[in-house]
Amino acid sequence: MIDTPISNDFSTNHLHRLDLSGSGEQDSLPKNLLCFSHLRWDFVYQRPQHLLTRFSDIAAVYFLEEPIFGKTDVPYLTFSQRLPDLWVCVPHLADGLTKDEVNAQLRELIRVFFVNKKLDEFIFWYYTPMALEFSSHLSPGLTVYDCMDELSAFKFAPEKLKSLEKNLLNKADIVFTGGHSLFESKKNLHPNIHPFPSSIDKKHFGQARKQNCEPADQACIKGPKIGFYGVIDERFDIELIREIATQRPDWNIVLIGPVVKIDPKTLPQGSNIHYLGSKSYAQLPAYLSGWDVAMVPFLLNESTRFISPTKTPEYLCAGKPVVSTAIRDVVYPYGKSKLVSIGKNGSEFVKAIAYWLQMNDKKDWLGSVDKFLLTNSWDLTCADMTDYMSSAYRNRKVVAMPKHKVSKLQSEQ
């Protein structure tokens, strides 16, 4: 890790890379990408990490996190290199700053970052509209808004988020959404918007089908295991978990992930409820290998209205039956295709889980799952996004070209 104020050491000239669409055009896209994120790279491995690790094959990727506050007299950035062409960048600012002071210092750090760099050689990739407060004055080669969630519906959402998102939609050259329901809600807000639901890393999660290699903290749990991994927050249906555990004390509820934005004391407790804490992305297939059924136990509220849980296709790729609440992007297409069971309450969850536990031969179901997931992968998603971005970039360059002056010959005619 480099732990110094921003320097010009990161203005390296990068070699030409083929774009993911395979066209090989050198000017198909800018060769640098700066991502503005509200999520920490090391928090939970999800959509941003899947996409940006792949984009780092064709561009130098800088993942800019929200600032960390502490005792420092001078604002600075730390750079942590995670891949040959991917850096995680974290601003460090002093405690006690006002919001305006924070944004002023972030603007200055961004200014220094771009010393000896050309803005038009960068893609700006936004996950949070709040980043416009310190970046709206900049005009990169291409601006992308990857709207993975309806952030304004989340707990503790900033008041200005909706107005800033409107500004970002006006500024963006292209918009992607994290699911079809989110696309439907925003499709009339931008002329170049495309839905890209959650994808999967088949090789990674397919490991769970090949061998049962449970880690020690799960292997010691005896009896049927009903599992969930992900962030346990305001979207998580606490009472549903409590009801399932109460109705079937012979089943084990395995919950993996950090507890965020809710009081841990409100979580249901019981001898058959097991909180195993956060696990790395690399560890997930091993835990999945020991589950009998997987769950998507989310509440139906404003914060889940437009979500497209990445874990749904990941569970299926691992060969695990899934029981979910009626999240729209799970019902369509997984529920309607009979790949996933949908439960509206604890009793329906228990009935659906029991159905899967009693099914000895899942060959036909797995065949349908694999057929459905055949064209579902982060590699294909990234390639399709690259095609759309390349087209938007070419169109932007055409529009930006100055009009040719009338030639002397024409003026004389």
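What you see is a predicted model; the values in this text were computed from it and never measured.

Procedures and definitions
- Residues numbered from 1 in each chain as written.
- Predicted model: local features only at pLDDT ≥ 70, side-chain atom pairs only at ≥ 80, totals over all residues.
- Heavy atoms only, no water.
- Helix = DSSP H or I, 4+ residues; strand = E, 2+ residues; numbered from the N terminus.
- Contact = heavy atoms within 4.5 Å.
- Core = buried A, V, L, I, M, F, W, Y, C linked by side-chain atoms within 4.5 Å.
- Buried < 20%, exposed > 50% of the residue type's maximum accessible area, 1.4 Å probe, protein only.
- Pairing = 2+ DSSP bridges.
- Axes fitted to C-alpha atoms, helices over the stretch in contact; angles between N-to-C directions.
- Phe/Tyr/Trp six-rings, centres within 6.5 Å; stacked < 30°, edge-to-face > 60°.
- Lys NZ or Arg CZ within 6 Å of the ring centre and 35° of its normal.

### A short note on the side chain of Asn-376
Tracing the chain through its elements places Asn-376 in the loop between α14 (363-372) and α15 (378-400). Once residues within four sequence positions are removed from consideration, Asn-376 is found in contact with Ser-198, Ser-199, Ile-200, Lys-202, Pro-313 and Tyr-334.

### What to know about the nonpolar core
In a soluble, globular protein the nonpolar side chains are often hidden away together inside. Counting residues in each nonpolar core, the largest one holds 55 residues, and the members touching the most others are Ile-244, Ile-253, Trp-291 and Tyr-315. The element contributing the most residues to this core is helix α13 (residues 346-358), with six residues. One finds Leu-132, Leu-169, Phe-183 and Ile-193 within the second-largest nonpolar core, a separate group that totals 37 residues.

### Here's the deal with the pairing of strand β7 (residues 122-126)
Within β7, five of the five residues are buried, leaving the element largely enclosed by the surrounding structure. With burial as the criterion, each face of β7 is covered, one bearing Phe-122, Phe-124 and Tyr-126 and the other bearing Ile-123 and Trp-125. When strand β2 (residues 32-36) meets β7, the two strands line up parallel, connected through five bridges. When the sheet's bridge partners are listed, Asn-32 is paired in β7 with Phe-122.

### A word on the environment of Leu-33
Mapped onto the secondary structure, Leu-33 falls in strand β2. Linking Leu-33 and Pro-140, residues 107 residues apart in sequence, is a C-alpha distance of 9.7 Å. The contacts of Leu-33, once residues within four sequence positions are left out, are Leu-52, Phe-55, Ala-60, Val-61, Tyr-62, Phe-122, Ile-123 and Trp-125.

### A word on the sheet that holds strand β12 (residues 252-256)
Read from one edge to the other, the open sheet built from six strands follows the order β13-β12-β11-β14-β15-β16, with strand pairing classed as parallel. Only two strands of the sheet have a single neighbouring strand rather than two, namely β13 (273-277) and β16 (341-342). The pairing of strand β14 (residues 293-296) with strand β15 (residues 322-324) spans three bridges and is parallel. Residue pairing for β15: Met-295 is matched across the bridge by Val-323. Of the strands in this sheet, β11 (225-229), β14, β15 and β16 are in contact with α13, which crosses β15 at around 170°.

### Points about the packing of aromatic side chains
All chains considered together, the criterion is met by 27 aromatic pairs. A centroid spacing of 4.7 Å and a plane angle of 15° characterise the contact between Phe-36 and Tyr-126, whose relative ring orientation is stacked. Remark: Tyr-126 occurs in strand β7 and Phe-36 occurs in strand β2; sequence separation between them is 90 residues. Side by side, Phe-36 and Tyr-126 carry an identical accessibility label, which is buried. An aromatic cluster of three or more residues is present, and its members are Phe-36, Tyr-62, Trp-87, Phe-113, Phe-114, Phe-122, Phe-124, Tyr-126 and Phe-134. Over the aromatic face of Phe-298 sits the side chain of Arg-235, whose NZ or CZ is 5.6 Å from the ring centroid.

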